[in-house]
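# Coordinates in review
So the chains spell out like this:
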Amino acid sequence: MSNRRCPKCGEEFSDTYRSCPFCEEEEAIKRGRPPRRSGRRVEKRQNARNGGAGGVMLLLTGLIILGVVGYVVLGEDVADALGIRDTQEPASVIDQDKVPSQPDSSVQTAPVQSPAENDPAPAPDAAGNEPEHTDQPDLSTEPAGPLTLSQTDITIPAGETGRLTATGGSGEIIWSSSNPEIASVDGGSVTGKAGGTVTITAASGEETAACQVKVEGDPWIDPNIPELSLNKTDFTFGQSDIPVQMKLLIKGTRDAYEGAVVWASNNTSVAAISETGSVTWVGRGTTTVTATVGDKTFECIVRAK
């Protein structure tokens, strides 16, 4: 004879029973029928279940109450015995390992100053008023723009003055005239002296700006002008040809005249000529280009095909 364990309730019973007697007794109790077998086993098992859980809770409650009473009555000794004493160190105790080391007094360090401390405070004005602080940038340090003149060509009568204004540049403005006998310049004020055309130049550093000034009046005559002649008096060129360079030559030589010359084209829709005498094809036709020096004018016929 041996025992078996009920898979439902987990109780062991003799294998002489066909089924678990404990389960049958519980089922009978639920239906309100007296158990067919002795109920001691079931009652014992139920009491064991209910009593076991209740006993554990009662024991824990008793221990807690005992610990609290012991701590209140006997103080820290009982708390140490029960292991519930506060182990936190007093605030006045300082961990020496965590105290930052003191700097060496023998080493002198310069005090750190803020940018505001480095800049001297602006002095008050004559009335004793403190100047207003502003965060606006200093516009005077901004780089200047390119050098330009207020006008690029003007016409003034002889004996009168025109005004030129220069802006930009990287320094002092220096003024000059290609022929002071026709027009002079002083600080941008241009004064006409005799009929003719000159170039007024403003220079600042490596930059220059120019204005062509035409003076109306009796032409200026260079007393030192030698006899001159054009290198060409009649020529033909086409659209694909390179520009033709005109020159005034000192008569009897191949030397070019270095004085002031005013070049012009009578019909700029046929041919154009630069200030240096370079003739460029514009359209078909015939025109005349001229070179004027003082009161003398030299002509050349230009045929554009």
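Residues numbered from 1 in each chain as written. Predicted model: local features only at pLDDT ≥ 70, side-chain atom pairs only at ≥ 80, totals over all residues. Heavy atoms only, no water.

## A few points about the overall build of the protein chain
Tallying secondary structure elements over the protein chain gives 4 helices and 20 strands in all. Put simply, the protein chain has 305 residues, and 26% of those count as buried. A sequence separation of at least 24 residues applies to 43% of the contacts in the protein chain between residues at least 6 apart. Only carbon and sulfur atoms are counted for the fraction: they give 51% of the accessible area of the protein chain, which is about 22000 Å². (Helix = DSSP H or I, 4+ residues; strand = E, 2+ residues; numbered from the N terminus. Buried < 20%, exposed > 50% of the residue type's maximum accessible area, 1.4 Å probe, protein only. Contact = heavy atoms within 4.5 Å. Areas by Shrake-Rupley, 256 points an atom, 1.4 Å probe, with all protein chains shown as cover.)

## Considering the packing of aromatic side chains
Centre-to-centre distance and the angle between the planes together describe a pair of aromatic rings. In the structure shown here, the tally under the stated rule is 1 aromatic pair. Centroid distance phenylalanine 235 to phenylalanine 237: 5.5 Å. Interplanar angle 70°. Geometry classified as edge-to-face. The residues phenylalanine 235 and phenylalanine 237 share a single accessibility class, namely buried. (Phe/Tyr/Trp six-rings, centres within 6.5 Å; stacked < 30°, edge-to-face > 60°.)

## Overview of helix 1 (residues 21-31)
Buried residues of helix 1: Pro21, Phe22, Cys23, Glu25, Glu26 and Ala28, and no others. Positive phi appears at glycine 32, one or two residues downstream of helix 1, with a value of about 80°.

## Re the sheet that holds strand 9 (residues 189-192)
With antiparallel pairing, 3 strands are arranged side by side in an open sheet as 5-9-8. The outermost strands of the open sheet, each flanked by one partner alone, are strand 5 (161-163) and strand 8 (183-186). With direction set aside, neighbouring strand axes in the sheet form an average angle of 25°. Here 3 bridges tie strand 5 to strand 9, and the two strands are oriented antiparallel to one another. Considered in strand 9, the bridge of glycine 162 is made with valine 190. (Pairing = 2+ DSSP bridges. Axes fitted to C-alpha atoms, helices over the stretch in contact; angles between N-to-C directions.)

## Comments concerning the sheet that holds strand 16 (residues 262-265)
In spatial order, the strands read 13-20-19-16; together these 4 strands make up an open sheet with mixed pairing. Every interior strand has two partners, whereas the edge strands, strand 13 (234-237) and strand 16, have only one. For this sheet, the mean inter-axis angle between neighbouring strands, taken without regard to orientation, is 25°. Note: strand 19 (residues 285-293) against strand 20 (residues 296-304), 9 bridges, orientation antiparallel. Bridge pairing in strand 20 places valine 293 opposite lysine 296.

## Some words on the pairing of strand 8
Successive residues of a regular strand alternate their side chains across the two faces of the sheet. Here strand 8 runs beside strand 9; their pairing, made up of 4 bridges, is antiparallel. Along strand 9, the bridge assignment pairs serine 184 with threonine 191. What sits between the antiparallel neighbours strand 8 and strand 9 is a turn of 2 residues, in which glycine 187 has the positive phi angle 60°.

## Quick look at the environment of valine 289
Positionally, valine 289 belongs in strand 19. Excluding anything up to four places from it in sequence, valine 289 contacts Ala264, Ser265, Ile273, Phe298, Glu299, Cys300 and Val302.

## Thoughts on the state of the cysteines
Scanning the entire structure with this criterion turns up 0 disulfides. Cysteine cysteine 20 remains unbridged, with the sulfur of cysteine 23 as its closest cysteine sulfur at 3.6 Å. The class of cysteine 20 is buried, set by a relative accessible area of 8%. (Disulfide = S-S within 2.5 Å.)

## Considering the side chain of serine 204
The topology assignment puts serine 204 in strand 10 (residues 196-204). At a separation of 3.0 Å, a polar atom in the side chain of serine 204 contacts the main-chain amide nitrogen of glycine 171. (Polar contact = N/O pair within 3.5 Å; in protein donor to acceptor, adjacent residues only side chain to side chain.)

## Details of the nonpolar core
Judged by nonpolar contacts, the single largest core of 23 residues is most densely connected at Leu230, Phe235, Phe237, Met246, Leu248 and Val279. Where this core is concerned, the elements lending two or more residues are strand 12 (228-230), strand 13, strand 17 (271-273), strand 18 (278-281), strand 19 and strand 20. At 4 residues, strand 20 tops the list of elements feeding residues into this core. Judged by nonpolar contacts, the second largest core, of 17 residues, contains Val190, Ile200, Ala209 and Val215. (Core = buried A, V, L, I, M, F, W, Y, C linked by side-chain atoms within 4.5 Å.)

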